[in-house]
Amino acid sequence: MRTIFNPGADRRSSTRPAQRTPRRAAVLAVLLGLTAALIGMTASPASAAIITVQDGFEGTQAANWSFTHVGDGTGGVSLSQPHNGIRSGFVSMRGAGFSSVGRRVTLPPTTSCTAGIHVNPALATQQVNFEIINPVNFTYLALKTVVLSGDAPYTFVSTEWKHGPTDVLVRVSLIGNASGTTLAAWVDDLGILCIT
C-alpha cells in the first residue's frame, strides 16, 4: 500500500523554505537541460528529439513510482518540499544499505536518451545515485553518482545512454552508511528526452 509521507515539514521551514517555481518554468528548465545534454551527443541530421517522459508525482503519476530498500530505509509520496506542484517522492535511510524510488518507462526505439531529475537532500551530506537500469538483467545502462549536502537546495541531476532497450527502470537511490546517520532526500520532476 502506498503511503503519503510528510517528513520534517516543520523541521526545515524556518531556515530553508521550499524551493518552488512555476510549473512551466520548471518543465522548461528540465527540457532545456536535457536538450543541452543531447546536443552534445552524436546525432545524424535526420534525427529528431522527442520528449518521452515528464513526471512530477502529481495526480495519477504518483502510481507510476515504487519504493524499495535494503536495510533500514523507507520511501513514499510526500506533500512536503516539492520542487514543483504539491507532491514529490521521498526516500530515507538509516545505516548501511540503500533506499530507492523508481519507475519503469517504455521508450520508443532510440539512438540516445538523456534523463534528468531534481534531488533535494535533507540532513547530512549523502551519496545519491541516479540510475537507468535494464530490468531484464538488472544491469546499469547509465549511472550518475553525486554527493549532496543537506544544506543544498534542489539539484538537477542528469545522465545519458545510447542504444538501450525500450523498457528501462529509472531509479534514484539514497546510499546509506555504516555509521547509522539518518539520511533523507526528496526527488521530483523526472524528464526524459530521446533522439530517434
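These remarks concern the structure in this document. Everything quoted here is computed from the prediction, not taken from an experiment. (Residues numbered from 1 in each chain as written. Predicted model: local features only at pLDDT ≥ 70, side-chain atom pairs only at ≥ 80, totals over all residues. Heavy atoms only, no water.)

To continue, consider the packing of aromatic side chains. Applying the stated rule across the entire model yields 2 aromatic pairs. Consider the rings of Phe57 and Trp65, whose centres lie 4.4 Å apart with planes at 20°: the pair is stacked. (Phe/Tyr/Trp six-rings, centres within 6.5 Å; stacked < 30°, edge-to-face > 60°.)

Bringing the state of the cysteines into the picture now. The final tally for this structure, using the stated rule, is 1 disulfide. Paired by a disulfide, Cys113 and Cys194 hold their sulfur atoms 2.1 Å apart. Classification of the bridge connecting Cys113 and Cys194 rests on its S-S torsion, roughly 105°, and on that basis the disulfide is right-handed. Of the two residues, Cys113 is situated in strand β5 (residues 112-123) and Cys194 in strand β10 (residues 182-195); the sequence distance between them amounts to 81 residues. Neither residue differs from the other here; Cys113 and Cys194 are each classed as buried. (Disulfide = S-S within 2.5 Å. Helix = DSSP H or I, 4+ residues; strand = E, 2+ residues; numbered from the N terminus. Buried < 20%, exposed > 50% of the residue type's maximum accessible area, 1.4 Å probe, protein only.)

Attention shifts here to the pattern of salt bridges. Note that side chains of opposite charge can pair when their charged atoms are close. As enumerated under the stated definition, the model contains 3 salt bridges in all. The salt bridge involving Asp55 is made with Arg103; its shortest N-O contact spans 2.6 Å. Pair noted here: Asp55 is in strand β2 (residues 49-55) and Arg103 is in strand β4 (residues 88-106), with a separation of 48 residues, a long-range link. Of the residues examined, Asp55 reaches a relative accessible area of 2% and is grouped as buried. Owing to a relative accessible area of 13%, Arg103 belongs among the buried residues under this scheme. Across the salt bridge formed by Arg171 and Glu131, the nearest N and O atoms sit 2.5 Å from each other. In this pair, Arg171 is assigned in strand β9 (residues 167-175) and Glu131 in strand β6 (residues 126-134), connecting sequence segments 40 residues apart. Its relative accessible area of 11% is what places Arg171 among the buried residues. (Salt bridge = Lys/Arg side-chain N within 4 Å of Asp/Glu carboxyl O.)

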